[in-house]
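Here are the chains, one letter per residue:
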Amino acid sequence: MTLEERAVLATHQDLVAVGRRLDEALARWRAAPVPTLWTDVLDAAKAYELASAAYADAFVKCVR
């Protein structure tokens, strides 16, 4: 496996983990009696956005 392929795999694994954290934050928000935990959801969404960008960057570098 090349270094680029390893980077794609690692960033994909990060993206999956961050996606799970986003799902968990949304579930906590939905379960709250008064949904006020938006900061958790927004933080998780930003982390997902960053992880997604890292994955896309690694993928593009791998296929070039």
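Residues numbered from 1 in each chain as written. Predicted model: local features only at pLDDT ≥ 70, side-chain atom pairs only at ≥ 80, totals over all residues. Heavy atoms only, no water.

A. Examining the overall build of the protein chain more closely. A tally of regular secondary structure across the protein chain gives 2 helices and 0 strands. Over its C-alpha atoms the protein chain spans a radius of gyration of 15 Å, topping by over 25% the 11 Å that the globule rule assigns to 64 residues. Projecting the C-alpha coordinates of the protein chain onto the three principal axes gives extents of approximately 50 × 15 × 10 Å. Here the protein chain, with 64 residues, has 19% of them falling under the buried criterion. Once local pairs closer than 6 in sequence are excluded, the contacts in the protein chain between residues at least 24 apart make up 58%. In the structure as shown, the protein chain presents an accessible area of about 4800 Å², 61% of it carried by carbon and sulfur atoms. (Helix = DSSP H or I, 4+ residues; strand = E, 2+ residues; numbered from the N terminus. Rg over C-alpha atoms; globule rule 2.2 N^0.38 Å. Buried < 20%, exposed > 50% of the residue type's maximum accessible area, 1.4 Å probe, protein only. Contact = heavy atoms within 4.5 Å. Areas by Shrake-Rupley, 256 points an atom, 1.4 Å probe, with all protein chains shown as cover.)

Function cannot be read off these values alone, since they describe shape.
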